[in-house]
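Residue strings, one per chain:
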Amino acid sequence: MKYITIIIALLFFSCGKKEDVLLPKSNVSIVKDVQDHSPIYIFFKVEGKDTIADLNRKSAIISTNWIFNIDKRLPLKLVMPQVIKMQEKKRADSAHKNENAENYYSYADSIGKNLAFLPFTKVFYKTKKPMDEAGFIFEFKKGSDLVLLNNHFEVKKADVLKELYKIDFAINPKIIFIFDQNMSYKEYIENKILVHELDTFNDELPSEFIF
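Residues numbered from 1 in each chain as written. Predicted model: local features only at pLDDT ≥ 70, side-chain atom pairs only at ≥ 80, totals over all residues. Heavy atoms only, no water.

S.K.: What should I look at first to understand the sheet that holds strand β11 (residues 175-179) in this one?
M.R.: Hydrogen bonds between backbone groups are what pair the strands of a sheet, and the pairing can be parallel or antiparallel. Ordered in space as β7-β12-β11-β8-β9-β10, the 6 strands form an open sheet in which the pairing is mixed. Of all strands in the sheet, those bounded by a partner on one side alone are β7 (125-126) and β10 (153-156). Packed on one face of the sheet, helix α4 (residues 185-194) meets β7, β8 (136-140), β11 and β12 (207-210) and runs near 160 degrees to β11. (Pairing = 2+ DSSP bridges. Helix = DSSP H or I, 4+ residues; strand = E, 2+ residues; numbered from the N terminus. Contact = heavy atoms within 4.5 Å. Axes fitted to C-alpha atoms, helices over the stretch in contact; angles between N-to-C directions.)

Next up, the structure:
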C-alpha cells in the first residue's frame, strides 16, 4: 500500500502540491496493465463536519482509457455522482470519442504489490431502488458478511457464487446487483471483485442499483 500511495503522491508533487488517495486492496488482479490512459482522482476531504468527494479530472483525455483512483474511505453515495458525471461526459463527447477506450477502477494488489484495475465501461448506474426488474438479485448491505439473494435467502459472501451455481436455470437470468449507498468505496470494490465473473454469466452485463 505504501508503494501505491507514493506513486499517486508523486503525480501531485509535479503540480506543486501533495494529495494522497488511499486505494482499496485485494489479493486478486482482474486487469494487470492498462496502456494509453488518463488518471482521474476522487479525493477524501473534510470541510467542517462534511465529508466531500473532491474530483480532479484535469488530466482526463476523452480518447484514452480512464483510470479512476478513488479514496477507499469515501461512502458510495458521494462517489457515484462523480463517477456518473464523468461517464456521461465521455459518452456524450462524440467529437473525440474512441470506441475502444475503457473505464477502470484502480486498486492495490496486496499479493503482487502492484496496481490492478477493474473495468466498468459499460455499466449504467442507477441511483434508485429497482422496480419490477426481471432477473436474479444480489443485495449487498453495508458492513454485512451476508448477501441477500433474490429477496429470498441470505448466504455468506464467500459462498455466494457457489450458491448461485447450485441453481438449475433453464436460461441464465439477468444479474442485478444492489449496493447500499452508505457502504464505503472500499467495501464496494471488494464486493465487485468477489462477483466479477458474473459479468459473463450471460449476454448482458449485470445491472447496478445504488441507493
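S.K.: Can you walk me through the nonpolar core in this structure?
M.R.: A general tendency of soluble globular proteins is for nonpolar side chains to be buried together. Membership of the largest hydrophobic core comes to 43 residues, with the highest contact counts inside it found for V83, Y105, Y125, F138 and Y188. A total of 6 residues in this core trace back to one element, the largest contributor, which is helix α2 (residues 76-92). Not counting residues within four places of it along the chain, the set of residues in contact with Y105 comprises F68, I70, M80, V83, A116, F117, L118, F120, Y125, Y185, Y188 and I189. (Core = buried A, V, L, I, M, F, W, Y, C linked by side-chain atoms within 4.5 Å. Buried < 20%, exposed > 50% of the residue type's maximum accessible area, 1.4 Å probe, protein only.)

S.K.: What is the right way to read the pairing of strand β2 (residues 37-47) from this model?
M.R.: Each regular strand shows side chains that alternate between the opposite faces of the sheet. Across 6 bridges, β2 lies against strand β4 (residues 65-70) in parallel orientation. Residue H37 lies in a different strand from β4, and its bridge partner there is N65. Pairing of β2 with strand β3 (residues 50-56) involves 7 bridges; the strand directions are antiparallel. The partner of I42 across the bridge, within β3, is L55.

S.K.: Hey, could you run me through the pattern of salt bridges in this one?
M.R.: Proximity of charged atoms lets side chains of opposite charge pair with each other. Tallied over the full model, the rule gives 8 salt bridges. For the salt bridge of K45 with D54, the shortest nitrogen-to-oxygen distance reads 2.9 Å. Given a relative accessible area of 30%, K45 falls into the partly exposed group. E190 is the salt-bridge partner of K186, the closest N and O atoms lying 2.8 Å from each other. Of the two residues, K186 and E190 both sit in helix α4, 4 residues apart, roughly one turn of that helix. Residue K186 is classed as partly exposed on the basis of its relative accessible area, which comes to 33%. (Salt bridge = Lys/Arg side-chain N within 4 Å of Asp/Glu carboxyl O.)

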